[in-house]
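Listed below, chain by chain, are the residues.
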Amino acid sequence: STQSTGAGVFCHLHLHGLKKKRLHRDRYAPQEFGPLHTKRNAVGLALATGNVGDALSDDYVGVFLSRDGGHRWAEIANGSHTYDFADHGALMLLVRNMERTDTLRWSWDEFLTSNDCRMVTNASISFLAHDVVADPAAVGERAIVHGVDEDTGAGYLVHLDFASLHERACTADDYEIWSPSSDEGSNCLLGETFGYKRRRRAAACYNDEVLEPTPTAKRCKCSRADYACDECYEPVPSRDFKTEHCVRSDACFELLYPNATERAIALGEFPPQDCESRYAVSRGYAMVEGTRCELNGGIDLLPELRECPKPIESSGGAGTVVLLVLLTLIAVGVLAGVVFVWRRRSLAPPSLEYATLDDNEGAALGAESMSDEENGAVVLSDDDIDRARGSTADDDDQFNPRST
């Protein structure tokens, strides 16, 4: 902020914020400092009373003007004043309100220059001004100053007409497009750049049209300003203190998610249980509510999207076919085994399980068998078989159904 006394540029501007009153109920009511004052049709312009220094003070005050929505201020008058806008801000009016006066100060170039106007023709008359009031919509060039003579109690009401101040109406070359900006100087606010049409500061003309503050908006690319730290992430300034980085707070995650599994899911170490397609893992940043910036070509700090693990797919009809084939093969194998055993038994030699041997014959036969086994083979003749059975061939026929 620049102070007009020539003290230079200071770090702190302190503004009085009392509400501006249009009329005082008590004509002897104590005067108040002018508050922060703006009008809808005076785009980007603001007037305020304050002081530059270490703290807010009543000892020295001045009137400050901002042309960029309060981003930068410059002092335009010393002392306390009441003030207002007219003609879309092209006309500014100031009247001292802490002492008797007969003069109004006005400017048509936003106080690049200023002029004094005597409000009463009688030079001996002065009064304490309560307020200066222009058209509430700030579209005209007329204003009223009202006040009171503290000595006599007489009230004063002064009408001022500045319609003949400029004979020329403004043309297209007399206007500019103003865009509000942030403290960092960026014109992108919440992802958009807004442009407002207003009269140039030094254009010597009057506005013959109603300039509604309808902005032209243009979206801009996402920047770091469009993001804030996400839940459980804390801002940490960079080494040059120009930017901030969001750093995870493990203590916050442990407090919000006491369960280790839930905490791991919140940190993105595991997908959520109801994961269907993709799940988001925070990078530590969340987009500021209301921003309309474009991600294409800008900074993308949105959560990372990861693919959900693929579930074990059911084989469906193919599995059923495979199962049927396996069951069929097993059934064929079992059937083949049964047929094989049955064929082996049907082709086997006559069974000896029905024969009986006495002790002597069994011993002799066993000896002979042992003798033959020692020679490498056992040979039984038909007579040996009949003798071992202890019966005739006729008797054998009735016990051996396989004989023919």
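Refer to the structure above for everything that follows.
Worth saying up front: this structure is predicted, and the values here are computed from it rather than measured.

Draft legend 1. Region of interest: the pattern of salt bridges. Taken as a whole and assessed by the stated rule, the structure comprises 16 salt bridges. Salt-bridge contacts for Glu176 lead to Arg67; the nearest nitrogen and oxygen are separated by 3.6 Å. Taken together, the residues Glu176 in strand E14 (residues 175-178) and Arg67 in the loop between strand E5 (62-66) and strand E6 (74-78) connect sequence positions 109 residues apart. Close ionic contact of Glu192 with Arg292 constitutes a salt bridge, the shortest N to O distance being 3.0 Å. With Glu192 in strand E16 (residues 192-199) and Arg292 in the loop between strand E22 (285-287) and strand E23 (304-307), the pair connects residues that are 100 residues apart, well separated along the chain. With relative accessibility at 11%, the residue Glu192 sits in the buried group.

Draft legend 2. Representation of the side chain of Asp68 in the model. Here Asp68 is to be found in the loop between E5 and E6. At 3.0 Å, the side chain of Asp68 forms a polar contact with the side chain of Ser66. Of the polar contacts made by the side chain of Asp68, one reaches the backbone nitrogen of Arg72; its length is 3.0 Å.

Draft legend 3. Just the sheet that holds strand E10 (residues 115-118), in detail. Read across the sheet, 4 strands follow the order E7-E8-E9-E10 without closing on themselves; strand pairing throughout is antiparallel. Each edge of the sheet is formed by a strand with only one pairing partner; in this case those strands are strand E7 (81-86) and E10. Strand-to-strand, the axes of this sheet are offset by a mean angle of 25°, without reference to chain direction.

Draft legend 4. The packing of aromatic side chains, seen in detail. Tallying each qualifying case throughout the model produces 5 aromatic pairs. With a centroid separation of 6.2 Å and an interplanar angle of 25°, the aromatic rings of Phe253 and Tyr257 are classed as stacked. In this structure Phe253 comes out as buried when scored by relative accessible area, which is 5%. For Tyr257, a relative accessible area of 24% puts it in the partly exposed group. Every member of this aromatic cluster is reached through a ring pair, and the members are Tyr233, Phe253 and Tyr257.

How each quantity is defined
Residues numbered from 1 in each chain as written. Predicted model: local features only at pLDDT ≥ 70, side-chain atom pairs only at ≥ 80, totals over all residues. Heavy atoms only, no water. Salt bridge = Lys/Arg side-chain N within 4 Å of Asp/Glu carboxyl O. Helix = DSSP H or I, 4+ residues; strand = E, 2+ residues; numbered from the N terminus. Buried < 20%, exposed > 50% of the residue type's maximum accessible area, 1.4 Å probe, protein only. Polar contact = N/O pair within 3.5 Å; in protein donor to acceptor, adjacent residues only side chain to side chain. Pairing = 2+ DSSP bridges. Axes fitted to C-alpha atoms, helices over the stretch in contact; angles between N-to-C directions. Phe/Tyr/Trp six-rings, centres within 6.5 Å; stacked < 30°, edge-to-face > 60°.

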